[in-house]
Amino acid sequence: MAARLEISLKEHLVDPEGEGIRKKAKAYFGIETSRIRTVHILTIDAALSAPQLAAVQTGIFTNPVTQLSSYQPLAIVADWVIWVGYRPGVRDNPGATAVEAIEDLLGIRLGAGEAVYTSRRYAVSGSGLTRVQIEAIGGELLANEIIQQWRVYSREEWDPAAGIGIVIPRVRLDHTAAVAHIPCDSDEVLSRISRERNLALNPNDIPVIRAYFSDPRVRASRAALGLSDPTDVELEYVSQARSDHCNHNTFRGLFRYRDLATGTSEIVDNLFKTCIEAPTLELAQRKPWVVSVLWDNAGAGRLDDDTYYVITGETHNSPSNMEAYGGAITGIVGVYRDPLGTGKGSKLVMGGWGFCVGHRDYVGPLKPRLHPRRLLDGVIEGVRDGGNKSGIPTAFGQVLFHPGYMGKCLVFVTAVGIMPARIQGRPAEEKRTHPGDLVVMCGGRVGKDGIHGVTASSEVFSEHTPAGHVQIGDPYTQKKMHDFLLEARDEGLIQYITDNGGGGLSSSVGESARFSNGAEVDLARVPLKYEGLDPWEIWVSESQERMTVAIRAEDAERFMALSRRHAVESTVIGRYTDSGKLHLTHAGKTCAWVDMDFLASGFPQWEFDAEWTPPERRGRLEPVLSPPADVGRLLADMLARPNICSTEWITRQYDHEVQGTSVIKPLVGADRDVASDAAVLRPVLGSRRGLAFAQALLPAYSAIDAYAMTACGIDEAVRRVLAVGGDLDHIGGVDNFCWPNIQYHPAANPDGKFKAAQLVRACWALKDICLAYGIPLLSGKDSMYVDGHLAGRYGETHKVSAPETMQFAAISVVPDIGRCTSMDVKEPGDLVYVIGVTRNELGGSEYYAHHGYVGLNVPQVRAAEFIPAYRALGRAVEAGIAASIHGVYRGGLGVHLALAAMGGNRGIRADLRRVPAEGAARVDTLLFSESPGRLIVTVAPAGRSEFESLFQGLACARIGEVTAEPVLQATGLDGRTLVSAAVSDLKAAWKRPFGDLV
Amino acid sequence: MAEVKVLVLTGYGLNCDHETAYAFTRAGASAHRVHINALIDGEARLEDYQILVFIGGFGWGDDHGAGVIQAVRLKTYLGERLVEFVAKGRLVLGICNGFQALVNVGLLPGFDGDYHTRSVALISNACGNFRNQWVCLQVNPDSPCVFTRGIDRADFPVRHGEGRLYADEAVIQRLTRANQVVLRYALADGSPAAGRFPHNPNGAVGDIAGICDPTGRVFGLMPHPEAFNDWTNHPDWTRERECLRRSGQPLEPGETVGVRLLKNGVDYMRAA
């Protein structure tokens, strides 16, 4: 017998949730409502007595000071009612914690199948509201059909006695678990089955799979266990492991690269090996601080002798594109399991975010699944809840708007952790499984969640993509597990640890078993959310918040005791062996028996044709544009462009100071409202060593050349960490590629060869610049299918591909946080210097974009020219003579002088004639060119000679000074005042686009 | 010097344990992170500690009101032991989620020695969202609170979605009259925020950021003193450093007001 408890704020209290919806309904759809009240509903599907129900109502779920509640529908006057609840099987976090609270208070355990389901009822008032309007609020603001069900009631339809009725979204599968044996007598049959089962097997892999299962020796060994044809468990296992997501087939592919201008061609065999692995291994030899790279869930560097840091990056694009909140929270909570599963386990100390979406005010004819505005709201909130509830500071990030991301958005998440250098005297970065170790699954339970998520993200998003892979992360469950596992680590109980992400157990057990060379797992032992899962589903489910841990049998008792102490579920599901086989059973019968080395050999390399046409051959030109006269207005308009303006509203929602480690915050300056170049934290309280972290991405440059996009992105990330006090000799990188499909198809992907060439060039840039700057790639990620097919005006669909994008994250050790510097100018009279040469490099710039141009002269990274200046800057930082440092990034010198002034609420008087420049004798070029390698530094007059002597012979010039009067003044090339703008006006313009958002 | 032992309660999604313990260590205490379940099952004894800290975080995800389920668990399993702890003259501090738990347990406001009644609530921010920012706080010099002795102003960060203090008018008046209002959100010059956003970041009635019980030994506040455990935590520190450099003063300032606030508690217990 289920009971339904409705809870709402007392009538006289403002309902911020309802008010937020009202504001959005007005701003997004122009719908005027007079009042929206939220009712929280708990449907308690458990055999509780009336006194028990009363006890939980008053003892837990009703705050006597502020709330009303009733097991009958609350009488709230409204013109319309919208009810929103989860679909069956969608993770209901508040429902789960409600069960815990009820069990605690009543001292009982709910029975199997008993649960609490949460939902919401919105009571909407307003004169003349129509059903169409209410359905817009329900369907485009409140509910997403992929995960939620919702209903609308008019005043007439609403039955005040029955309310919403009793809705119980319990999963009922009515299915008996079974193993299917799949005939694969021919490639055609296997191809068909691959399609039918959504296995996404590559056609080239099919003969290899068939050959293995037809091999007489394999068949003989299988026959002994009662197996003949491959089982569905086995094929799913192979499919997961061979997916582009897990195996990086594209990056390990063979590229036939042709330059169509010169006619030259070359074979590039394996981008990963040549452009990522080889340079990183070479640098690791030269950089003693590199601790562990290229094999674990995250790379590790040395913070000091006692502590290592680890870093990794991820994307969660496809799920976020369909369910923004769920996709993003799952993404950030998911990436946090990577450091936790690095070495013997790392504590999470920082997160980063990056969102690439269509324009927030898009009004064109294309119909993405979620409007970019709604999508952005959702991903912001997903990262907010995922980060904040994990207790990990979300310290740095950026949003980027571009119409190309309407096809599929990008959600980047980055995670940083720390581990002690040694655990019980043994190196913490090492881990392995041994025969006899137990396979333990910790954390959440397994359901149908995320099945085929990995293979879906390896495909172009289409209307047939299964929606079932969208999940909602549960930071609460994971935080408990995180705390538990770190205690277990410190007691020396963990031999091996890895997360269950893409591919679930198939991936975590499959990979960890390589060390011992075998494993046996009984899939029937895996705890399930509900009955009725087939063994293959248990094996590949991506249900979140799970880690796989290897422990010695003798440690099991202590490990389980600790697990109980932390209220974490841990289950022994098998043991590691040295049999050379992965052996899975269910209900006592073998359902998979695969050689451990099968996946490591014999599969064909993917192949791509890559054709490069240089930009001038593609019709890229410099626009014919005369210098502007009204530079003040131009500068204000540049500052108000969506990719430059203030996005404070996002940063403020993110707890960036939890753990008490914050040194340089994401927002700095006198009013604490201007974005910092980078974040710095001191991850070990009590130590003076810091970690500087920043990210950069410049996809606009890909319209000209993805080489420049990559090179400039790396240079920007480097300057960002140097600006706050990072050390050029200790910078680690994380490359995160998001690319449109590069497989050529004459109709479906006619520019596939060009996009493949762009990828090759981007990887070349990655290699060149990382080697030049000495940046080992501590981690990396690739997401290869950032395309979507969007419905248009007439029932047609349009393929929309994202610009070729690589987000680069840089992490650097700050030897002493006392030397950290912020970007805001400090005292009047301070001297303003520009380091680096401004060139005619407006191609792909924000300035050209403002005028609707792309241009040709894309910025070039001149590492040999830049490095001596970066070293000199490092010495200035060490000497403590830089009062402020700020890089010149997107938008150019004009924009970034304005930002430095805005940060300090001071003025800057500058003479553009003094700016170090080459071939840039125009004010718009000087102000808006995006030449890399440049920084703005302010220095107290007393430090002048010391600073200038450090930059002797380098491109560095004193261009002006900081003024008390908050006015940005620049003298033009003719010696006359070119611009004189009040800093407060510039700041107002910069805050205008998103300043009303909270 | 006598050791002052601080129990920092952890587990179930709470998350400020390390920095709270660290800041108390800097304040001269011996701080221990103890899981709620260790206290419940008796592995750790409340009686062995002089200060009990309810920390920030998201206990049970804050899914049914911030601090609500934590309060249920504490009331169910520890109940009168908490009240006895206070009665013995020891200190209880609740920060952010911990403050929310204290008002839901009923340890605050503790009128007339009643440590069970819920009469104060911390509800969703008026701005409608979670917010991380630094606030200026004005200390009520007439408050009996032992933690704020000798402090008149403080800057700390707030990081919460449900920090708006609310109570019936009579309760607010009583809190005010009895000087149980310890901290109020203020402007940079110390004058009242008067409800103005973002100085008052959550719309708290009367700008109230922290309250204590009538003894001054139970104290709850939304801002995070433990997050100001080092001078580099303050958002203005790089600007202050420039002023210090130019006036030739040493760059390493002393104790932060965050540590000082905790030290007041430690010193009080040491003297007790």
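Computed from a predicted model, the values in this text were never measured in an experiment. (Residues numbered from 1 in each chain as written. Chains lettered and ligands numbered in written order. Predicted model: local features only at pLDDT ≥ 70, side-chain atom pairs only at ≥ 80, totals over all residues.)

Q: What should I look at first to understand the overall build of chain A in this one?
A: What chain A contains, in helices and strands, is 28 helices and 43 strands. Relative to the compact-globule value of 30 Å for 998 residues, chain A shows a C-alpha radius of gyration of 29 Å, a close match. Restricting the contact set of chain A to residue pairs at least 6 apart, pairs at least 24 apart contribute 81%. (Helix = DSSP H or I, 4+ residues; strand = E, 2+ residues; numbered from the N terminus. Rg over C-alpha atoms; globule rule 2.2 N^0.38 Å. Contact = placed C-beta atoms within 7 Å.)

Q: How should the overall build of chain B be read in this particular structure?
A: A count of helices and strands for chain B gives eight helices and eleven strands. Over its C-alpha atoms chain B spans a radius of gyration of 18 Å, differing by no more than 12% from the 19 Å that the globule rule assigns to 272 residues. Principal-axis analysis of the C-alpha atoms places the extent of chain B at approximately 55 × 45 × 35 Å. Taking all 272 residues of chain B together, the buried fraction comes to 62%. Looking at chain B alone, contacts between residues at least 24 apart form 76% of all its contacts between residues at least 6 apart. (Buried ≥ 20, exposed ≤ 12 C-beta atoms within 10 Å, placed from the backbone.)

Q: How do you make sense of the packing of helix H12 (residues 324-340) of chain A against helix H13 (residues 372-388) of chain A when you look at a structure like this?
A: Any two packed helices are characterised by the angle at which their axes cross and by the distance between the axes. Residue and element names in this part refer to chain A. At a minimum axis separation of 7 Å, H12 and H13 run at an interaxial angle of 35°. The chirality of how H12 crosses H13 is right-handed. Facing Ala324, Tyr325, Gly326, Gly327, Ala328, Ile329, Ile332 and Val333 of H12, the residues of H13 in contact are Arg374, Leu375, Gly378, Val379, Glu381, Gly382, Val383, Asp385, Gly386 and Gly387. Broken down by class, the residue content of the contact of H12 with H13 amounts to nine nonpolar, six polar and three charged. (Axes fitted to C-alpha atoms, helices over the stretch in contact; angles between N-to-C directions. Left-handed = near helix turned anticlockwise from the far one by under 90°. Nonpolar A, V, L, I, M, F, W, Y, C, P; charged D, E, K, R; others polar.)

Q: Would you mind showing me how to read the pairing of strand S10 (residues 299-304) of chain A here?
A: For a regular strand, side-chain orientation follows a simple rule: the groups alternate between the two sheet faces. All names here are of chain A. Sheet topology places strand S9 (residues 290-292) next to S10; two bridges connect them, and they run antiparallel. Pairing of Val290 across the sheet is with Gly301, part of S10. The pairing of S10 with strand S11 (residues 307-315) spans five bridges and is antiparallel. Bridging from a neighbouring strand, Ala300 pairs with Val310 of S11. Hairpin connection, S10 to S11: the antiparallel pair is bridged by two residues. (Pairing = 2+ DSSP bridges.)

Q: Looking at this model, I keep getting lost on helix H10 (residues 271-286) of chain A. Mind explaining?
A: Helical periodicity: at 3.6 residues per turn, an α-helix aligns residues three or four positions apart in one direction. All names here are of chain A. A rise of 1.5 Å per residue sets the reference length of H10, with its 16 residues, at 22 Å; its end C-alpha atoms lie 22 Å apart and thus fit the reference within 8%. Along H10, the sharpest kink reaches roughly 35°, centred on Glu277 and followed within four residues by the proline Pro279. For H10, every residue scored as buried is listed here: Leu271, Cys275, Ile276, Pro279, Thr280, Leu283 and Ala284. Structurally, H10 contributes buried residues whose contacts are with strand S8 (265-269), S9, helix H22 (752-773) and strand S31 (777-783). (Expected span 1.5 Å × (residues − 1). Bend = angle between axes of the 7 residues up to and from the residue.)

Q: So what exactly am I meant to see when it comes to the confidence of the model for chain B here?
A: Low-confidence regions, as indicated by low pLDDT, have predicted coordinates that should not be scrutinised in detail. Taken over all residues, the pLDDT of chain B has a mean of 96, while the share at 70 or more is 100%. Overall fold confidence (pTM) sits at 0.97, and the ipTM for the predicted complex is 0.97. (pLDDT = per-residue confidence, 0-100.)

Q: What's the story with the sheet that holds S10(A) in this structure? I'm lost.
A: Each strand in a sheet pairs with another by means of backbone hydrogen bonds, the pair being arranged parallel or else antiparallel. All names here are of chain A. Spatial strand order, S9-S10-S11-S14-S12-S13: six strands in an open sheet with mixed pairing. Each end of this open sheet is capped by a strand with a single partner; those strands are S9 and strand S13 (394-401). Averaged over all adjacent pairs, the angle separating strand axes in this sheet is 25°, with direction ignored. In the sheet, strand S12 (residues 347-357) pairs with strand S14 (residues 410-420) via nine bridges, with the strands oriented antiparallel. Bridging from a neighbouring strand, Lys347 pairs with Ile418 of S14.

Q: What's the story with the pairing of strand S5 (residues 115-125) of chain A in this structure? I'm lost.
A: Residue and element names in this part refer to chain A. Among the eleven residues of S5, eight are classified as buried, and the element is accordingly described as predominantly covered. Inspection of the sheet shows strand S2 (residues 35-45) paired to S5 by eleven bridges, in the antiparallel sense. By the bridge assignment for S5, Thr38 is matched with Tyr122. Taken together, the six bridges between strand S4 (residues 80-86) and S5 define a ladder with antiparallel strand orientation. Of the residues in S5, the one forming a bridge with Ile82 is Tyr122.

Q: Honestly, the nonpolar core in this entry has me stumped. Any pointers?
A: The nonpolar side chains of a soluble globular protein tend to be buried, and buried together. Counting 391 residues, the largest nonpolar core has A:Ala678, A:Val680, A:Leu691, A:Phe693 and A:Leu986 as its most contacted members. Discounting residues that sit within four places of it in the chain, A:Leu986 has contacts with A:Leu635, A:Ala636, A:Leu639, A:Ala898, A:Met902, A:Leu968 and A:Ala981. (Core = buried A, V, L, I, M, F, W, Y, C linked by C-beta atoms within 7 Å.)

Q: How should unusual backbone geometry be read in this particular structure?
A: In terms of backbone geometry, most residues other than glycine have negative phi values and most peptide bonds are trans. In this structure, the amide linkage connecting B:Leu108 to the following residue, B:Pro109, adopts the cis form with an omega of 5°. One can find B:Pro109 in the loop between helix H5 (97-105) and strand S5 (121-123). With an omega of 5°, the peptide bond between B:Phe197 and B:Pro198 qualifies as cis. Locating B:Pro198 in the fold gives a position in the loop between strand S9 (181-186) and strand S10 (208-212). Backbone geometry places A:Asn517, a non-glycine residue, at a positive phi of 75°. Given 17 C-beta atoms within a 10 Å radius, A:Asn517 is considered partly exposed. Not every positive phi belongs to a glycine, and B:Tyr12 is a case in point at roughly 55°. The topology assignment puts B:Tyr12 in the loop between strand S1 (5-10) and helix H1 (17-26). Under the C-beta neighbour-count criterion, B:Tyr12 is labelled buried, with 24 such atoms within 10 Å.

Q: Even after reading the chapter, I still don't get the interface of chain B and chain A, so can you show me in this structure?
A: At the junction of the two partners, chain B supplies 56 residues and chain A supplies 59 residues. Contributing elements (two or more residues each) for the side of chain B that touches chain A: H1, helix H2 (36-40), helix H3 (68-77), S5, strand S6 (131-139), strand S7 (153-160) and helix H7 (237-246) of chain B.

Q: Looking at this structure, how should I read the sheet that holds strand S7 (residues 254-259) of chain A?
A: Residue and element names in this part refer to chain A. Taken together, the three strands give an open sheet; going across it, the order is S8-S7-S24, and neighbouring strands pair in mixed fashion. This sheet does not close on itself; its edge strands, each paired only once, are S8 and strand S24 (607-612). Looking at each pair of strands side by side, their axes are set apart by 20° on average, direction ignored. Pairing of S7 with S8 involves five bridges; the strand directions are antiparallel. Directly across from Arg256, in S8, lies its bridge partner Ile267.

Q: I keep staring at the environment of A:Gly852 and nothing clicks. Help me out?
A: All names here are of chain A. Looking at where Gly852 falls in the secondary structure, it is placed in the loop between helix H23 (846-851) and helix H24 (863-879). Among the residues examined, Gly852 registers 7 C-beta atoms within 10 Å and is labelled exposed. Separated by 63 residues in sequence, Gly852 and Val915 place their C-alpha atoms 27 Å apart.

Q: Help me understand the packing of helix H25 (residues 892-904) of chain A against helix H28 (residues 983-991) of chain A, please; the structure alone is not making it clear to me.
A: All names here are of chain A. Following both chains from N to C, one finds H25 and H28 inclined at 105°, their axes separated by 10 Å at the closest point. Relative to H28, the element H25 is oriented roughly perpendicular. Note on element contacts: H28 touches H25 through Val983, Leu986, Lys987 and Trp990, opposite Ala898, Ala901 and Met902. (Parallel < 35°, antiparallel > 145°, perpendicular 65-115°, else oblique.)

Q: What am I meant to see in the environment of B:Glu242 here?
A: In this fold, B:Glu242 is placed in helix H7. Placed 57 residues apart in sequence, B:Glu242 and B:Tyr185 show a C-alpha to C-alpha distance of 27 Å. With near-sequence residues (within four places) excluded, B:Glu242 lies in contact with A:Lys826, A:Glu827 and A:Ala883.

Q: Would you take a moment to explain H13(A) for this structure?
A: For H13(A), with 17 residues, the first-to-last C-alpha span of 24 Å sits near the 24 Å given by 1.5 Å per residue. Along H13(A), 14 of the 17 residues are buried, which leaves the element largely enclosed by surrounding structure.

Q: Looking at this structure, I do not really get the confidence of the model for chain A. What am I missing?
A: Taken residue by residue, chain A gives an average pLDDT of 95. The fraction at 70 or more is 98%. Note that pLDDT drops below 50 for residues 461-467 of chain A; the model gives that stretch twelve contacts with residues more than four away or on any other chain.

Q: Help me understand the environment of B:Arg153, please; the structure alone is not making it clear to me.
A: Residues and elements named next belong to chain B. Mapping Arg153 onto the fold places it in strand S7. Given 14 C-beta atoms within a 10 Å radius, Arg153 is considered partly exposed. Distance in space between the C-alpha atoms of Arg153 and Pro225 is 12 Å, their sequence separation being 72 residues. When residues no more than four places from it in sequence are discounted, the contact partners of Arg153 are Cys136, Leu137, Gln138, Val139 and Gly190.

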